[in-house]
Amino acid sequence: MNEVEAKTPEEPRDFIRDIIRADLAEGRCDTVVTRFPPEPNGYLHIGHAKSICLNFGVAAEFAGRCHLRFDDTNPVKEEHEYIESIQADVRWLGFNWGKHLFFASDNFETLYDWACHLIRNGHAYVDDLSAEEIRAHRGTLTEPGKNSPFRDRTAEENLDLFSRMRAGEFPDGARVLRAKIDMASGNINLRDPVLYRILRATHPRTGDAWCIYPTYDFAHGQSDAIEGVTHSLCTLEFADHRPLYDWLIDNLPTSSRPRQYEFSRLNLTHTVLSKRRLTQLVQERHVTGWDDPRMPTLAGLRRRGVPPAAIRDFVHRIGLTKSDNLVEVAALEHCIREYLNQVAPRRMAVLRPLKVVIENYPEGQSEELEAVNNPADPDSGTRLVPFGREIYVDQADFMEDPPKKFFRLTPGREVRLRYAFFLTCREAVKNEAGEVVELRCTYDPETRGGNAPDGRKVKATIHWVSAAHALRAQVRVYDYLFARPDPGAQGDFLEDINPESLSVLQDCRLEPALGEARLGEAIQFEREGYFCLDPDSKTGHAVFNRTIALRDGWAKTQAKGGK
RNA sequence: UGGGGCGUAGCCAAGUGGUAAGGCAGCGGGUUUUGAUCCCGCGACCCCAGGUUCGAGUCCUGGCGCCCCAGCCA
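What you see is a predicted model, and the numbers here were worked out from it, not measured in a lab.

On to the domain arrangement of chain A, then. One can read the domain layout of chain A as domain 1 (15–104 + 217–330), domain 2 (109–215), domain 3 (349–463) and domain 4 (472–559). Summarising the inter-unit geometry, the C-alpha centres of domain 1 and domain 2 are found 27 Å apart. Taken together, the contact pairs 26 residues of domain 1 with 26 residues of domain 2. Of the roughly 2,300 Å² buried where domain 1 meets domain 2, counting both sides, 72% is carbon and sulfur surface. Considering only the side of domain 1, the residues that lose the most area to domain 2 are Pro 75, Phe 218 and Trp 247, jointly responsible for 29% of the buried surface there. For the pair domain 1 and domain 2, the number of links is zero salt bridges. Counting across the domain 1 and domain 2 interface gives eight residue pairs in polar contact (both at pLDDT 80 or more). Every element with two or more residues in the side of domain 1 that touches domain 2 is listed here: α3 (80–93), α7 (220–227) and α8 (242–250). Sorting elements by how many residues they give to the side of domain 1 that touches domain 2 places α8 first, with four residues.

Laid out in structure tokens, this is it:
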């Protein structure tokens with residue numbers, strides 16, 4: 001794979017980096033340690049890329065380190081498949097955690113000890129209330145909660161009960177361990193949050209060794225502390241948890257003091273980035289899988305042909321703040337095009353073939369013409385493209401009765417065949433239905449290579465493929481998965497699914513050089529866009545994905561001026 | 001009527017008291033054997049209202065608006 005750095009971006013500047021810089025300058029820490037902490041219950045998406053780039057980026061910039069830690073504290077939702085895919089996706093994005101791979105589950109024993117520590121100090125208690133009762137006691141946003149009747153058990157009794165919870169003496173949900181903080185707090189997270197619950201589920205890593213599992217609040221910050229994380233960076237919805245995060249660190253015998261900072265998560269137009277919704281799209285088969293090229297998952301973007309460097313560039317450009325945001329996909333698309341324009345070799349492919357017979361070209365003859373591989377990359381060289389009496393051009397490049405500003409083929413007009421000859425359309429052949437099925441044309445042998453010795457000009461250059469040499473392929477053209485920029489804003493997000501998000505073009509013709517395309521390699525089909533070979537390809541049956549179309553100024557003027 | 005966060009151009013986003021960076025999108029123009037790329041040009045008085053100050057997007061006060069929180073999810 002062509003891995004060219006898209007230009008070295010200047011060091012990002014944002015409030016998190018300002019904080020770190022200050023912490024370093026004032027000696028609050030001497031090495032920066034961050035972590036990317038996914039829960040293995042789904043695939044990573046471009047929103048995660050923001051966090052990954054931040055955490056690994058910051059670590060690299062300040063010569064620290066970044067851990068990959070799985071917050072695997074809820075075995076009912078977590079699976080091995082996700083542990084694998086997450087690692088593959090982070091690596092693909094371009095980051096390396098080295099030996100710093102951790103699992104919150106590795107800390108279960110320590111966490112258990114720490115829970116006992118809390119109990120001994122009167123900071124936690126076993127509650128026999130049911131989930132519903134606990135909810136009822138919690139109060140509301142505006143009314144304080146009520147203390148549980150079990151809140152004042154002795155440390156001895158709590159210790160005994162807690163050890164019996166671990167021993168499996170009670171059924172799921174029968175009891176929980178709660179922090180003893182303040183049922184009247186305005187911050188609901190401080191109203192005696194649950195620290196441990198009884199859950200008989202096989203854990204992907206610890207199997208059936210445990211039947212009690214710590215909650216996020218009692219595992220995340222603790223794991224940070226155990227790993228020596230200095231800056232625990234998370235999204236805004238966890239800001240309310242920070243007082244609890246700090247309270248627990250204050251009351252536990254940790255050897256380090258991590259600090260949590262929050263930033264706003266990424267929102268993108270025409271897409272959804274919540275794990276719940278993405279999981280639903282996959283499970284209900286609205287897409288073919290987590291790696292469906294229409295998905296905003298890293299696996300989907302990869303399969304679609306989006307280069308990781310473009311994603312990193314995008315994340316860098318959108319910045320990092322605490323403001324809610326909705327970034328236009330156009331910004332991402334720009335990064336993809338900009339990168340691909342530099343690295344993608346150019347080839348010719350006709351997506352919607354229209355046969356052209358060049359009447360004055362000798363039958364049975366063919367020749368090879370030299371074509372530049374990438375005008376944007378002088379080192380990419382040239383290749384030979386076969387030419388003959390019958391070629392294919394795209395249906396969109398011919399109009400029998402064109403509007404004023406249409407410069408392509410129309411009866412009587414001369415255009416240039418890219419890297420080949422000037423071609424003049426003489427006649428459009430139609431079928432019984434009145435559809436144009438073939439063009440009868442003539443060419444000018446004097447214009448070989450694409451220039452006329454007499455200096456005459458043409459207003460358009462179109463691409464083509466020799467019929468006799470063409471390869472066939474299926475091309476999948478993607479549009480936004482969601483028609484609305486804000487899916488779900490009007491109700492059920494599923495109703496905003498774009499019914500035309502996938503168009504399969506079955507009978508595309510490719511120039512022979514495309515036979516050597518490698519899986520995932522970015523290629524520009526001239527005048528069309530960037531494409532890559534899909535894993536669904538079989539020998540003799542190529543399948544290409546359109547990563548993204550080229551900007552289309554013609555479509556724009558059409559939309560504007562009408563005819 | 002509780003707690004937390006946010007409010008600078010259509011969308012992101014700099015700005016940390018001295019008179020509004022940059023990117024994306026859009027629009028106009030130039031170059032061009034991809035109507036692509038590339039190049040040039042065009043846009044804000046900073047949620048509102050008071051106040052402090054010679055001077056405020058930046059400080060103070062009071063409003064308004066938006067987002068998050070009542071999982072034994074993370």
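After that view of the structure, there is still more to cover.
Ordered by their spatial adjacency, seven strands build an open sheet running β19-β16-β17-β18-β12-β15-β20, and the pairing between neighbours is mixed. Pairing within the sheet leaves two strands with one partner each, and these edge strands are β19 (461–462) and β20 (465–466). In terms of strand pairing, strand β12 (residues 353–358) meets strand β18 (residues 436–444) through four bridges, oriented parallel. Bridging from a neighbouring strand, Ile 358 pairs with Cys 441 of β18.

This paragraph deals with α8. By the burial criterion, the buried members of α8 are Leu 244, Tyr 245, Asp 246, Trp 247, Leu 248 and Ile 249. Buried residues belonging to α8 abut α4 (108–120), β5 (176–179), α7, β8 (231–235) and β9 (259–263).

Overall, the coordinates contain 22 aromatic pairs when judged by the stated rule. Each ring, one from Phe 162 and one from Tyr 196, has its centre 5.2 Å from the other, and the planes form 65 degrees; the classification is edge-to-face. With Phe 162 in helix α6 (residues 155–167) and Tyr 196 in strand β6 (residues 194–198), the pair connects residues that are 34 residues apart, well separated along the chain. Across the pair, Tyr 196 and Phe 162 agree in class, each one buried. Ring geometry for Tyr 361 versus Phe 387: centroids 5.4 Å apart, planes at 75 degrees, classification edge-to-face. Remark: Phe 387 occurs in strand β14 (residues 382–388) and Tyr 361 occurs in the loop between β12 and β13 (366–372); sequence separation between them is 26 residues. Comparing Tyr 361 with Phe 387, the two get one shared label, buried. By way of ring pairs, the aromatic residues Phe 108, Tyr 112, Phe 162, Tyr 196, Trp 210, Tyr 213 and Phe 218 are connected into one cluster. Directly above the aromatic system of Tyr 112 lies the positively charged group of Arg 166, at a separation of 4.6 Å from the ring centroid.

What counts, and where the lines are drawn
Residues numbered from 1 in each chain as written. Chains lettered and ligands numbered in written order. Predicted model: local features only at pLDDT ≥ 70, side-chain atom pairs only at ≥ 80, totals over all residues. Heavy atoms only, no water. Domains from an automatic or database assignment. Contact = heavy atoms within 4.5 Å. Buried area = accessible area lost by both parts, 1.4 Å probe. Salt bridge = Lys/Arg side-chain N within 4 Å of Asp/Glu carboxyl O. Polar contact = N/O pair within 3.5 Å; in protein donor to acceptor, adjacent residues only side chain to side chain. Helix = DSSP H or I, 4+ residues; strand = E, 2+ residues; numbered from the N terminus. Pairing = 2+ DSSP bridges. Buried < 20%, exposed > 50% of the residue type's maximum accessible area, 1.4 Å probe, protein only. Phe/Tyr/Trp six-rings, centres within 6.5 Å; stacked < 30°, edge-to-face > 60°. Lys NZ or Arg CZ within 6 Å of the ring centre and 35° of its normal.

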